[in-house]
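So the chains spell out like this:
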Amino acid sequence: MTIEDPRPDAPLAGRRVLLTRSPDRAGAMASALARAGAEPLLLPLIDFERAPEAQPLDEALERLAAGEYAWLVVSSITTVRALKDVAAERGMRLSELVPAGTRVATIGPSSRRVLEAEGLRVDLAPEGRQSAEGLLELWAYSDDGGAAGSAGASAVRILLPQSDLAAPTLAEGLEERGWAVEAVIAYRTVDYPADPARRLIAELAVGTEPSPAVVLSPEDANAELAEGRLNAVVAASPSAARRIHETLRPLDATRLVAIGQPTAEELRSLGLGVAATAAQPTPEGIVDAVVHALFLTPGISPWKDTP
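Nothing here was measured: the structure is a model prediction, and the numbers come from that model.

> In this structure, what is going on with helix H9 (residues 261-269)? I would like to understand it.
Spacing of three or four residues puts side chains on the same side of an α-helix, whose turn is 3.6 residues. Within H9 the residues assigned to the buried category are Thr-263, Ala-264, Glu-266 and Leu-267. The buried side chains of H9 occupy one side of the element, clustering within an arc of 160° when seen end-on. Buried-residue contacts for H9 involve strand S9 (232-235), helix H8 (238-247), strand S10 (255-259) and strand S11 (276-278). The first or second residue beyond H9 is Gly-271, which carries a positive phi of 85°.

Okay, here's the thing in structure tokens:
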């Protein structure tokens, strides 16, 4: 993948934007920023490994194959990669892990696109935003006629594979609606780089084009910040927000852009201001948020929250 030439009306011409992702997870985002005229730079801060104990996930997937769950709920694109890693180890396609009678739900349009590209039918996903809260707004109560996917005890059982750092929002919200949720750790979020022997390596059918953008070290990034040469820093997740807070200084001359409300809330909880939040974690949504941060919120310091 090459960095694309900017379009003639490029709104971010001459701006430099730091993405806190590794090259294998930043391709589409970096390309969209380049088309908008920006120079994308990368600073990998977090990475992902297989769950430290494989047995709980393996046993849950055996129950899934046996039709013991009404729903499989996929809470992130990284979960898709973790499940695809397991499928590959078994010599299977990801779609073969899920029996025909089990419904699939996910948290938004981006993860829906990834799942469908892997051959899975998605029965429920919010359109307006990519979040656990968006999915819960659509979710029926367990006693709603037709809400369950099969008869018997499995009718209200949900399998929820997720990160070891996942917030309890989704599991608790589903339980409040009367569903029996089995949350199981599918992967572990770690500081970059992950252990090569444990790193998630499955390539997804869409959305994993590597980026040729320049990769900075934390020291390089801090030097760029000190010289005022980074116009915006994009936090891709709450975990990345915490690492930004731990790693990057000074932040008073740049704009922080969050992908999704959970990331924005994490930045705020750390005392960092949010100049803009991408409602959709799509490349276009992130470009729009960067444009908003740089041109529509004048005078906002990252140490003061946006009004």
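> In this structure, what is going on with the packing of helix H1 (residues 27-35) against helix H10 (residues 283-295)? I would like to understand it.
In a packed pair of helices, the relevant descriptors are the angle between the two axes and the axis-to-axis distance. One way to put it is that H1 packs onto H10 with a least axis distance of 9 Å and a crossing angle of 50°. By the angle class used here, H1 and H10 are oblique. The handedness of the crossing between H1 and H10 comes out as right-handed. The residues of H10 that touch H1, namely those facing Ala-28, Met-29, Ala-32, Leu-33 and Arg-35, are Pro-283, Glu-284, Ile-286, Val-287 and Val-290. Tallied by class, residues from the contact of H1 with H10 come to eight nonpolar, no polar and two charged.

> Just checking my understanding: could you explain the pairing of strand S7 (residues 180-191) for this structure?
Looking along a regular strand, one sees the side chains alternate between the two faces of the sheet. As paired strands, strand S3 (residues 46-50) and S7 are joined by five bridges and run antiparallel to one another. Each residue of the ladder has a partner; that of Phe-48, found in S7, is Thr-189. Across seven bridges, strand S6 (residues 157-163) lies against S7 in parallel orientation. Paired with Gln-162 across the bridge in S7 is Ile-185.

> Just checking my understanding: could you explain the sheet that holds S6 for this structure?
If you trace the five strands from one edge of the open sheet to the other, you get S3-S7-S6-S4-S5, paired in mixed fashion. With partners counted over all chains shown, the strands left at the sheet margins are S3 and strand S5 (103-106), one partner each. On average, adjacent strands in this sheet sit at an angle of 25° to one another, irrespective of strand direction.

> Which parts of the structure should I look at to understand the sheet that holds strand S1 (residues 16-19)?
Two orientations exist for strands paired in a sheet by backbone hydrogen bonds: parallel and antiparallel. The strand order across the open sheet formed by six strands is S8-S2-S1-S9-S10-S11, and the pairing between neighbours is parallel. Whereas interior strands pair on both sides, the edge strands pair on one side only; in this sheet they are strand S8 (214-215) and S11.

> Just checking my understanding: could you explain helix H7 (residues 218-226) for this structure?
Taken as a whole, H7 has its buried residues at Ala-221, Glu-224 and Leu-225. The arc that holds every buried residue of H7, seen down its axis, measures 100°, which confines them to one face. Away from the buried face of H7 by more than 90 degrees, exposed residues Glu-219 and Ala-226 are located. Where H7 is buried, its residues touch S1 and S9. A positive phi of about 70° marks Gly-228, the residue just after H7.

> Can you help me understand the packing of H8 against H9 in this one?
Direction vectors running N to C along H8 and H9 enclose 25°, while the axes themselves pass 8 Å from each other. In terms of orientation, H8 and H9 fall into the roughly parallel class. The chirality of how H8 crosses H9 is right-handed. Facing Pro-238, Ala-241 and Arg-242 of H8, the residues of H9 in contact are Pro-262, Thr-263, Glu-266 and Leu-267. When the residues that make up the contact of H8 with H9 are grouped by side-chain class, the tally is four nonpolar, one polar and two charged.

> Explain unusual backbone geometry here, please?
Excluding glycine, most residues fall at negative phi; most peptide bonds, likewise, are trans. Residue Tyr-192 is joined to Pro-193 through a cis peptide bond whose omega torsion reads 0°. Position of Pro-193 among the secondary structure elements: in the loop between S7 and S8. For the peptide bond that leads from Arg-249 to Pro-250, omega is -10°, which places it in the cis range. Turning to its location among the elements, Pro-250 is positioned in the loop between H8 and S10.

> Can you help me understand the pattern of salt bridges in this one?
Side-chain pairs of opposite charge can arise whenever the charged atoms involved come near each other. In total, this model carries 22 salt bridges according to the counting rule given. Between Arg-188 and Glu-49 there is a salt bridge whose closest N-O contact spans 3.1 Å. Remark: Glu-49 occurs in strand S3 and Arg-188 occurs in strand S7; sequence separation between them is 139 residues. Put simply, Asp-123 and Arg-121 hold a salt bridge, and the shortest N to O gap is 2.8 Å. What emerges from the salt-bridge pattern is a single network uniting Arg-16, Glu-39, Glu-224, Glu-227 and Arg-229.

Reading guide: rules and limits
Within each chain, residue numbers correspond to sequence positions counted from 1 in written order. Reporting in this predicted model follows two pLDDT cut-offs: at least 70 for local features of residues, and 80 or more for side-chain atom pairs to be given and counted; totals over whole chains, interfaces and linings ignore these cut-offs and use all residues. The basis for every side-chain value is the complete set of non-hydrogen atoms in the structure, without hydrogens or water. Working definition: with a 1.4 Å probe on protein chains only, accessible area under 20% of the residue-type maximum means buried, over 50% means exposed, and in between means partly exposed. Strands here are runs of E lasting at least two residues and helices are runs of H or I lasting at least four, both read from the DSSP assignment and numbered beginning at the N terminus. As used here, the arc belongs to the directions running from the helix axis to the C-beta atoms. Whether two residues touch is decided by their heavy atoms; if any such pair falls within 4.5 Å, the residues are in contact. Working convention: axes come from line fits to C-alpha atoms, limited for helices to the stretch in contact. Angles between N-to-C directions cover 0 to 180 degrees. Angle categories are assigned with fixed cut-offs, so that under 35 degrees is roughly parallel, over 145 is roughly antiparallel, 65 to 115 is roughly perpendicular, and the rest are oblique. Crossing handedness is read from the near helix: turned anticlockwise from the far helix by less than a right angle, it gives a left-handed crossing, and turned clockwise, a right-handed one. Residues are grouped as follows: Ala, Val, Leu, Ile, Met, Phe, Trp, Tyr, Cys and Pro are nonpolar; Asp, Glu, Lys and Arg are charged; all remaining types, including Gly, are polar. Note: two strands are recorded as paired if DSSP finds a minimum of 2 bridges between them. By definition, a salt bridge exists where a carboxyl oxygen of Asp or Glu is found within 4 Å of a side-chain nitrogen of Lys or Arg.

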